[in-house]
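Chains, contacts and geometry: an overview
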Amino acid sequence: MTMTDTAPPARPEIRFEHVSKTFGRVGATDLFRAVDDLNLEIGSGELVAILGKTGCGKSTMFNMIAGLLEPSAGKVEVSGHDPFAQFNWFRGKIAIVFQNDRLLPWRTAIENVAFGLEMLDVPKAERMASAQAWLTKLGLGGHENDYPHALSGGMRQRVSIARAFATNANILLCDEPFSALDEMTGNRLREEFARLVRENGKTAVFITHSINEALQIGDRIVVLRRPAKIAYDTRLGRDADHGAKEDIRARIQAVLAE
Amino acid sequence: MSERTLDGTSPPTPIIDGAWRVVRALAPFIFLGAAWQVASLFFPAFLFPSLVAVFWRCLDILEQWSQFVDVLYTVGRILAGLAGAFIIGAVLALMMARSKLVDGFLSPILTFFQGIPALSWVVFAIIWFHGVEFRIFFIMVLTTLPAFTFQIVSALRAMSKDLVEMVMSFRPSRVQMFRTLILPSILPEILTAWKVNLGNASRVVVVAELVGATGGVGYQLLQQQQIFDMAGALAWTLQLVFFVLIVQYILTLIENFAFRYRAISERSL
Ligand SMILES: Nc1ncnc2c1ncn2[C@@H]1O[C@H](COP(=O)(O)OP(=O)(O)O)[C@@H](O)[C@H]1O
Ligand SMILES: [Mg+2]
């Protein structure tokens, strides 16, 4: 059953058109289907939470948007271009926050934040100033010259968020970035993250396996079933009240239980 | 001040601590020297000369330019050979890490080369080439190339896939990729490879100098053998050992600087 409460967005920034992804697996003759005939449109400026149980193909879908995986069938389009075939066209246009922080251990916090800008050949003084500003915004003033090993898990993930924002890319992709953090740190970072996305007018795709996280972050929640295909798609008003959210929670739980 | 040192004892004052470190560093050499010196009391000088005599011979070599030049020659040959093997090895390793086909082709060849004794390369070099320096360079490169290549390949393979993906997501150029990720990732293994190969090269070089060199430590050793001068043989040998120790020390300093980003556990293994 597919339920859709939403009209398609005016100008889709990200578009999946009948996309499937299969993997050959060692010791098996048939192909494993991770994404199955997925259709999805994400509009410019939307903050979409993609929700699904582990193993339902969220990361696979994510990696196709990021241009790291090629669809087996169908078409993925981001900003009107093919993220896999036109990989380099997206230079400076997509920024990613991974599940683990993936900081370069030989770079200090500020050098890690400046990394994306360095890849874009931004002059040193300029990129360090920008990195400094983002570190401060994420509450890491005073830790500029610390190496990653000297930072806590939450601080490291803040650095990696600063790194993603610093490039000023319009599209932000996040694959369960807070799932490894403790609840309090995760909650605080989620709120800051959602605020920064909205303030900076980003289009953001946020992968999660937690209903709470999806409700806390998303303007829109897309629920995937396994293999990845839309099971439920809904928009929350920015000012959705508690009752409305509980309503949506109940429906999501019903869909996930199927 | 209840910090604990690596062995779990409480730290003594800095001066005693420093002195203790020096003693610990020197202890093995003092032991070797003492054993030799004791042997020199019981055996004739042409078998086990006194360390005093050896010491003066060493000083002699260091003081007299005509002799010290031989040390520099040998050092130059070691470094040239290692540099050559490193550059060729790095190129081969990059190709092998990029392509299974190249790896499947080159690995057996390099393994084959690894089995060839240094002395065989000496014979081949003498038959194939004329120039003494080129012969030595050829021998040095071929004897150290396989190890260098394999070490760099394994360092490239061990690179974090997570970090590769992270860097790729920023769409870097090849040069950027190499400078910001590949080089810093494999640097620890490269320095280790240099340390290991340095030891190998210093042992091979004296053999390589048998191709007709009229200078160098290997040549001098041959002279000492002909006049049966044990003190001289030992003094020339020590020149090479000192050189290896000095370069190892420099490499360690580089490591300490380059890897200052690493976390240090307060517990030892
Ligand atoms: N490279 C791959 N090769 C084979 N199977 C894969 C590969 N990547 C993912 N899969 C399979 O695809 C399914 C979806 O994986 P993934 O997208 O990582 O799920 P999620 O991120 O939702 O937890 C899983 O069953 C996983 O085992
Ligand atoms: Mg995943």
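Nothing here was measured: the structure is a model prediction, and the numbers come from that model. (Residues numbered from 1 in each chain as written. Chains lettered and ligands numbered in written order. Predicted model: local features only at pLDDT ≥ 70, side-chain atom pairs only at ≥ 80, totals over all residues. Heavy atoms only, no water.)

Things to note about the overall build of chain A
A count of helices and strands for chain A gives eight helices and ten strands. Against the globule reference of 18 Å for 258 residues, chain A gives a C-alpha radius of gyration of 18 Å, in line with a compact fold. Counting over 258 residues, chain A shows a buried share of 52%. In chain A, the share of contacts with a sequence separation of at least 24, taken over all contacts with a separation of at least 6, comes to 69%. Counting every atom, chain A has about 11100 Å² of accessible surface; 49% of that belongs to carbon and sulfur. Of note, chain A has its 32 positive side-chain charges centred 2 Å away from the centre of its 33 negative side-chain charges. (Helix = DSSP H or I, 4+ residues; strand = E, 2+ residues; numbered from the N terminus. Rg over C-alpha atoms; globule rule 2.2 N^0.38 Å. Buried < 20%, exposed > 50% of the residue type's maximum accessible area, 1.4 Å probe, protein only. Contact = heavy atoms within 4.5 Å. Areas by Shrake-Rupley, 256 points an atom, 1.4 Å probe, with all protein chains shown as cover. Lys, Arg positive; Asp, Glu negative; His and termini not counted. Charge placed at Lys NZ, Arg CZ, Asp CG, Glu CD.)

Some details on the nonpolar core
With 98 residues, the main nonpolar core has Phe16, Ile50, Leu173 and Leu224 of chain A together with Ile139 of chain B as its most contacted residues. Of all the elements, helix α8 (residues 174-208) of chain B adds the most residues to this core, at 14 residues. Two domains each provide a minimum of three residues to this core, namely domain 1 (1-8 + 45-70 + 82-93 + 169-258) and domain 2 (104-167) of chain A. When neighbours within four sequence positions are excluded, Leu173 of chain A is seen to be in contact with Phe62, Ile65, Ala66, Ile94, Ala95, Ile96, Val97 and Val205 of chain A. (Core = buried A, V, L, I, M, F, W, Y, C linked by side-chain atoms within 4.5 Å. Domains from an automatic or database assignment.)

Digging into the state of the cysteines
Here a disulfide denotes a covalent bond joining the sulfur atom of one cysteine to the sulfur atom of another. Residue and element names in this part refer to chain A. According to the stated counting rule, one finds zero disulfides over all chains in the structure shown. Of all cysteine sulfurs in the structure, the one in Cys174 sits closest to Cys56, which takes part in no disulfide; the separation is 17 Å. According to the relative accessible area criterion, Cys56 is buried, its value standing at 1%. The buried category is assigned to Cys174, whose relative accessible area is 0%. (Disulfide = S-S within 2.5 Å.)

A closer look at a nonpolar patch on the surface
Residues and elements named next belong to chain B. Judged by side-chain polarity, Val22, Leu26, Phe29, Ile30, Phe31, Leu32, Val241, Phe242, Leu245, Ile246, Ile250 and Ile254 come together as a nonpolar surface patch covering roughly 1200 Å² of accessible area. For the nonpolar patch, the elements supplying multiple residues, two or more each, are α1 (14-42) and α10 (230-258). In this structure, Leu245 sits in helix α10. (Patch = residues over 30% accessible without salt bridge, like charges linked within 9 Å, V, L, I, M, F, W, Y side chains within 5 Å. Salt bridge = Lys/Arg side-chain N within 4 Å of Asp/Glu carboxyl O.)

As for the domain arrangement of chain A
How large an interface is tends to be reported as the accessible area lost when its parts come together. Residue and element names in this part refer to chain A. Split into domains, chain A comes out as domain 1 (1-8 + 45-70 + 82-93 + 169-258) and domain 2 (104-167). Put simply, the middle of domain 1 and the middle of domain 2, counted by C-alpha atoms, are 25 Å apart. Each side of the interface is counted separately: domain 1 has 16 residues, and domain 2 has 14 residues. Interface area for domain 1 against domain 2, summed over the two sides, is near 1200 Å², with a carbon-plus-sulfur share of 66%. (Buried area = accessible area lost by both parts, 1.4 Å probe.)

Side note on the sheet that holds strand β3 (residues 31-43) of chain A
Two orientations exist for strands paired in a sheet by backbone hydrogen bonds: parallel and antiparallel. Residue and element names in this part refer to chain A. On the basis of which strands lie adjacent, the open sheet formed by three strands has the order β3-β2-β5 and antiparallel pairing. The open sheet has two edge strands with one neighbour each: β3 and β5 (73-78). Across the sheet, the mean angle from the axis of one strand to that of its neighbour is 20°, orientation sign disregarded. In this sheet, β5 lies alongside strand β2 (residues 12-24) in antiparallel orientation, the contact comprising five bridges. When the bridges of β5 are listed, Arg15 appears paired with Glu77. Lying on the sheet, helix α1 (residues 58-65) is in contact with β2, β3 and β5; it crosses β2 at an angle near 120°. (Pairing = 2+ DSSP bridges. Axes fitted to C-alpha atoms, helices over the stretch in contact; angles between N-to-C directions.)

Here's the deal with empty space enclosed by the protein
Under the defined criterion, the tally for this structure stands at one cavity of 30 Å³ or more. When its volume is computed, the largest cavity comes out at roughly 50 Å³. Contributing to the lining of the largest cavity are Phe90, Arg91, Gly92, Ile94, Gly116, Leu120 and Thr167 of chain A together with Ser169, Phe170 and Arg171 of chain B. Grouping the amino acids of the lining of the largest cavity by side-chain chemistry returns four nonpolar, four polar and two charged. A domain split of the lining of the largest cavity shows at least three residues from each of domain 1 (1-8 + 45-70 + 82-93 + 169-258) and domain 2 (104-167) of chain A. (1 Å grid on protein atoms, 1.4 Å probe; cavity = no way out; pocket = protein on both sides within 12 Å on 5 of 7 lines; lining within 4 Å. Points joined across faces, edges and corners; volume = space filled by probe spheres on them. Nonpolar A, V, L, I, M, F, W, Y, C, P; charged D, E, K, R; others polar.)

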